[in-house]
Every structure is written in structure tokens, then in C-alpha cells.
Amino acid sequence: MRKKIVAGNWKMNTLPAEGVELAKGVAAGRGEVCSCVNFIVCPPFTHLSQVVETLKGSDIAVGAQNCATEAKGAYTGEIAASMIAALGCKYVILGHSERRQYYGETSATLNKKMEQAYANNLTPIYCVGENLEEREAGRHFDVVKAQIEEVVFNLTAEQFADLVIAYEPVWAIGTGKTATADQAQEIHAYIREVLRSKFGAAADECPILYGGSCKPSNAAEIFAKADVDGGLIGGAALKAEDFLSIGKGF
Ligand code: 13P
């Protein structure tokens, strides 16, 4: 049985006090959702600590949205994986399309970040996904395969056993345009097949989340698909009620 996960990527939203309120709201309503669902929230760095504190005693995990390629030292403005782990975070989102697109993150960068995450016992939520042009040209399978081969294939079996993958088609992020449940299933099954070619049966244990305009009204249909193990939620994670309601989609 693969883990069911609903993760909220708050992106660059919420001031510290707002983030704490949001986390309180999620914790308050968590009991209404099956305990089989693993909730994760990923606030901005500035209030990771406060959100960890707020969620103490709950089963809601906290993750960061990025980490540095290096362990420590003269890297002004960067945040090391060890710092994130020291706050009590368990996860780190890596390779989000916004980081690839706006901050030039490449597979080379991401290999280093993955190493840092594992060295500090953080579980990476590794994001893959094609843009609109690639989808329209029918290249989405190749794009996603390369993003996996160039990074995930460098992991040891032990590291792979502690990995979450998120498939997020760039054309569906923040656009209100969701992949259909069948489109999601098609590519999730493909991702699992690629993983199986390297890691064998362990691929059947790896949670693969869907992300891109996932909301209460479409989550259940998408989560019902065999290879979809949950969601990485942007906009709808900013309202506790919507975020929790997505968890009821299982
Ligand atoms: P939206 O849910 O706002 O489309 O964002 C998805 C996303 O990028 C989560 O990482």
C-alpha cells in the first residue's frame, strides 16, 4: 500500500502570522479527514519554525520549498538542508517548475540538492512536468523521463525508498486548467514504468502526486486513478477548508 499524501506548497504567500493561522486551521479540521491521509504543509522559510511549533502534537508534517546545493559556507542568501532539518522539517520540495523556469535550476543543480536533502534526513518531493509547448508537441513523456533519469536514477535504492515524486504539468499550474484524470493516470503510470526500469518493484512503493490546479471539486476524480497517490497543492492549500477538503478526495 502506497502512502496517500496531500501536500500544500504555499509558494511565496502568507506573512508569518497568516501562516500560523493557516496551519492552525489545518490542524483544527484534520480530524475530519481519514487518518490514512498524510498531510504536509510547505510554508516560506521565514515561518517554517513557527509553523513547526504550531503543528507540534499533530500528525501534519512540515516541509521547505527549496534548499541549497551546498552544506554550508559563503553562499549569501541560501538556506542549507541542515538548517531546515534542525527546525523539525521532514520534507523539501525540489525541482519545482517555478525554480527550474525562473531560477535556472538544472538537473546538475538538483542532483546536489537531492544529496543535501538525504544527507540531512529530509525526504525530497521531486517535481517533474512538461510545459504547454512540450505537451502540444507530444514530447511530455520524453521530458518527464529525462527529468527522472538525470536526477532520480542517481539515487541509491535506499534513497529511492524515501522519495516522493510530484508530476506537475506547467500548463496546469495556477491556470485553473487541470489535467484530466485520464491524462494524469497516463503519465503517472508512465513515470512508474520508468522508475521500475531502474528500481524494480520498489517503484510500486513510491508515492507519485499530481499537481496543477488541483482543488476540492476535482481531487476525488484524480485521486481515484490507480497511479495517483495524492496531490501537491498550490492555490487551494492557502485555505484550510479547501486543503482539508482535497484530503477527503481519497
Ligand atoms: P496550483 O495548485 O496553484 O495550480 O499550483 C500547483 C503547484 O505548483 C504546487 O506545487
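Let me begin by describing the structure that accompanies this report. (Residues numbered from 1 in each chain as written. Predicted model: local features only at pLDDT ≥ 70, side-chain atom pairs only at ≥ 80, totals over all residues. Heavy atoms only, no water.)

Right, let's get into the state of the cysteines. Considering all chains together, one arrives at 1 disulfide under this definition. Each sulfur of the disulfide joining Cys34 and Cys36 lies 2.2 Å from the other. In this structure, the disulfide formed by Cys34 and Cys36 twists by about 140° around the S-S bond and is classed as right-handed. Residue classification places Cys36 among the partly exposed residues on the basis of a relative accessible area of 34%. (Disulfide = S-S within 2.5 Å. Buried < 20%, exposed > 50% of the residue type's maximum accessible area, 1.4 Å probe, protein only.)

This brings us to the site of the ligand. Near the ligand you find 13 residues, and of these Lys11, His96, Gly174, Ser213 and Gly235 are the closest. Between the ligand and Glu168, the relevant distance is 2.9 Å, taken from an oxygen atom to a side-chain nitrogen or oxygen of the residue. For the ligand, an oxygen atom lies 2.9 Å from a polar atom in the backbone of Gly234. Contact with the protein chains removes 95% of the 310 Å² of surface that the ligand exposes when unbound. (Near = heavy atom within 4 Å. Polar contact = N/O pair within 3.5 Å; in protein donor to acceptor, adjacent residues only side chain to side chain. Areas by Shrake-Rupley, 256 points an atom, 1.4 Å probe, with all protein chains shown as cover.)

Next up on the list: the packing of aromatic side chains. Two descriptors summarise a pair of aromatic rings, namely the distance from one centre to the other and the angle between the planes of the rings. Applying the stated rule across the entire model yields 7 aromatic pairs. Consider the rings of Phe39 and Phe243, whose centres lie 5.4 Å apart with planes at 55°: the pair is tilted. Placement of Phe39 in strand S2 (residues 37-42) and of Phe243 in helix H11 (residues 240-247) is noted, with a sequence separation of 204 residues between them. With 6.4 Å between their ring centres and 50° between their planes, Tyr167 and Tyr210 make a pair best called tilted. Of this pair, Tyr167 sits in strand S6 (residues 164-167) while Tyr210 sits in strand S7 (residues 208-211); the two residues are 43 residues apart in sequence, bridging distant segments of the chain. (Phe/Tyr/Trp six-rings, centres within 6.5 Å; stacked < 30°, edge-to-face > 60°. Helix = DSSP H or I, 4+ residues; strand = E, 2+ residues; numbered from the N terminus.)

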